[in-house]
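Chains, contacts and geometry: an overview
Here's the letter readout for the chains.
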Amino acid sequence: MTSVVLAGGGTAGHTSPLIATAKALQELEPGVELVCIGTAKGLETRVIPEAGLKLELITPVPLPRTLNADLVKLPYTLTRSVLEARKVLKRAKADVLVGFGGYVSIPAYLAARLARVPVVVHEANKLPGIANKIGAKFAAFTGITFRETQLPGSTLVGMPIKRSITSPQLAPEQARAEFGLDPNRRTLLVSGGSQGAVRINEAVAAARDDLLAAGIQILHVLGPKNFDDAVHTVVTHASGAQYRPVAFVSDMAVAYTAADLMIGRAGAGTVHETAVSGLPVIFVPLPWGNGEQGKNAAELVAAGAGVLVPDGEISGARLGGVVIEILQDPERLAQMSATCRSMYPADAADTLAAAVLKAV
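**What to know about the pattern of salt bridges**
- Applying the stated criterion to the full structure yields 17 salt bridges.
- A salt bridge links arginine 199 to aspartate 311; the shortest N-O distance between them is 3.2 Å. Highlighted residues: arginine 199 in helix α8 (residues 198-213) and aspartate 311 in the loop between β14 (306-308) and α12 (316-327), separated in sequence by 112 residues.
- Salt bridges sharing partners connect three or more residues here, namely Glu27, Arg163 and Asp350.

Structural data, given as structure tokens:
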């Protein structure tokens, strides 16, 4: 039986394609042995066990951009993490390692190289991170999500997405009812990703009354760190529209199905999951790094399937105006949704899983 070790963590941008690929591997080869590698700092400590997958933790290896204590300790920390990852590979009797980027992937790639275990890399973003740049140098297969991504020997596969998103089981009316919303009312979903986004949350709070007055109901995923039971309560407007705040949604497939339009960041996972779901998004890219998130959303925005509002320009008035303009134009909304569905492959998890087994 094939033994596969999967490395990735930190945010949903790494854990979601990892889980989707793991599930595709289980379908492709029933009985396949799977072990995941993560760190104690990331989202993986919760979502990977919830997905029924075994998780082993190693020491995180932050890569500091400036001269500080982490940089001084880097050789020791990296050596320790590589040895820990190698032990995981040995215990699992790994036939192949699949890496999805992030801090955990560098030691995993190096450990696999030392142990002569084949490596498969998946890069979610247009601009690859340093971990995957390293892994791709000796990978048996490198899958990319965007055509523009520059990695040696790469193959375009798309973003691995779980079945509940690519093949939703609920109708929109049923999905809205799951959240206690009106099944037949236009619905706005707001989510800043797995950790939430304070800037988006503040702008939506400022726009809330105008949106509710327009008859638009709101499902607002604030993020666990931003949610306060005493402050974030359900509000029902005289129009009948409801504002329903939640800390976290365990299955975003249901939220995507419930919504007609979304406000969110532009992580690669969000961009592809919403596109495959046919859900138009008002993207507010995170203004960090090398502009990766803005680049992730660029194709959809250029095709008219999404709208981009720079983080520095968001306000209640700006977001509220764009939301109302789109949701009050059914023809535009329908065209945006259809364009979304046509943009990216929905079978990337199966393609990557097949490549993993071939690498063995």
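From this point, things continue past the structure.
**Comments concerning the packing of α8 against α12**
- Contact geometry of α8 with α12 gives a least axis separation of 8 Å together with a crossing angle of 50 degrees. When the axes of α8 and α12 are compared, the pair comes out oblique. Between α8 and α12 the crossing geometry is right-handed. Note on element contacts: α12 touches α8 through Gly316, Leu319, Gly320, Val323 and Ile324, opposite Ala203, Val204, Ala206, Ala207, Asp210 and Leu211.
- A per-class count over the contact of α8 with α12 returns 8 nonpolar, 2 polar and 1 charged.

**Quick look at the packing of aromatic side chains**
- Across all of its chains, the model carries 1 aromatic pair by this definition.
- Here the aromatic rings of phenylalanine 146 and tyrosine 344 are separated by 6.2 Å at their centres, their planes lie at 85 degrees, and the arrangement is edge-to-face. Of this pair, phenylalanine 146 sits in the loop between β6 (141-144) and β7 (154-156) while tyrosine 344 sits in the loop between α13 (330-343) and α14 (348-359); the two residues are 198 residues apart in sequence, bridging distant segments of the chain.
- Phenylalanine 146 gets classed as buried once you look at its relative accessible area, which sits at 0%.
- The class for tyrosine 344 is buried, based on a relative accessible area of 9%.
- One Lys or Arg, arginine 46, reaches over the ring of phenylalanine 248 and ends 4.1 Å from the middle of that ring.
- When the ring centre of tyrosine 243 is taken as origin, the NZ or CZ atom of arginine 208, which lies over that ring, is 5.3 Å away.

**Observations concerning the sheet that holds β6**
- Taken in spatial order, the 7 strands of this open sheet run β3-β2-β1-β4-β5-β6-β7, and their pairing is parallel. Lying at the two open borders of the sheet, with one neighbouring strand each, are β3 (54-57) and β7. Going from strand to strand, the sheet's axes swing by 25 degrees on average, the running direction of each strand aside.
- Against the sheet, α14 touches β1 (3-7), β4 (96-99), β5 (119-123) and β6, its axis set at about 160 degrees to β5.

**Structural notes on α12**
- Between its first and last C-alpha, α12 extends 16 Å over 12 residues, near the 16 Å set by a 1.5 Å rise per residue.
- Looking at the packing, one finds that the buried side of α12 touches β8 (187-191), α8, β12 (261-264), β13 (281-283), β14 and α13.

**Quick word on the packing of helix α10 (residues 268-277) against helix α11 (residues 292-302)**
- Put simply, α10 and α11 touch, their axes get as near as 8 Å, and they point 25 degrees apart. Of the possible angle classes, the one that applies to α10 and α11 is roughly parallel. For the crossing formed where α10 meets α11, the hand is left-handed. The segment α10 lies against α11, with Ala268, Val271 and Ala275 engaging Asn296, Ala297 and Leu300.
- Tallied by class, residues from the contact of α10 with α11 come to 5 nonpolar, 1 polar and no charged.

Reading guide: rules and limits
- Here the residue numbers are simple positions, counted from 1 along each chain's written sequence.
- Owing to the predicted nature of the model, reporting of local features is limited to residues with pLDDT of at least 70; listing and counting of side-chain atom pairs is limited to 80 or more, with chain, interface and lining totals taken over all residues.
- The side-chain numbers reported here are obtained from all heavy atoms of the structure, hydrogens and water having been left aside.
- For this document, the term salt bridge refers to a Lys or Arg side-chain nitrogen within 4 Å of an Asp or Glu carboxyl oxygen.
- A run of H or I in DSSP becomes a helix once it reaches four residues, and a run of E becomes a strand once it reaches two; helices and strands are each numbered from the N terminus.
- The convention used is that axes are lines fitted to C-alpha atoms, helices contributing only their stretch in contact, and that angles between N-to-C directions extend from 0 to 180 degrees.
- In this scheme, roughly parallel covers angles under 35 degrees and roughly antiparallel covers those over 145, while 65 to 115 is roughly perpendicular and the rest are oblique.
- Crossings are classed by handedness, with left-handed meaning an anticlockwise turn of the near helix from the far one by less than a right angle and right-handed meaning a clockwise turn.
- Residue contacts follow a heavy-atom distance rule, with two residues in contact if any of their heavy atoms lie within 4.5 Å.
- Residue polarity is assigned by list, with Asp, Glu, Lys and Arg as charged and Ala, Val, Leu, Ile, Met, Phe, Trp, Tyr, Cys and Pro as nonpolar; anything else, Gly included, falls into the polar class.
- Two rings from Phe, Tyr or Trp (for Trp, the six-membered ring) form a pair when their centres sit within 6.5 Å of each other. Planes less than 30 degrees apart are called stacked, planes more than 60 degrees apart edge-to-face, and all others tilted.
- Between buried and exposed lies partly exposed: a residue is buried under 20% and exposed over 50% of the maximum accessible area for its type, with that area taken using a 1.4 Å probe on protein chains only.
- Only Lys NZ and Arg CZ are tested; either one counts as a charge over a ring when it is within 6 Å of the ring centre and within 35 degrees of the ring normal.
- At least two bridges found by DSSP between two strands are what make those strands a pair.
- To estimate how far a helix should extend, the number of its residues minus one is multiplied by 1.5 Å.

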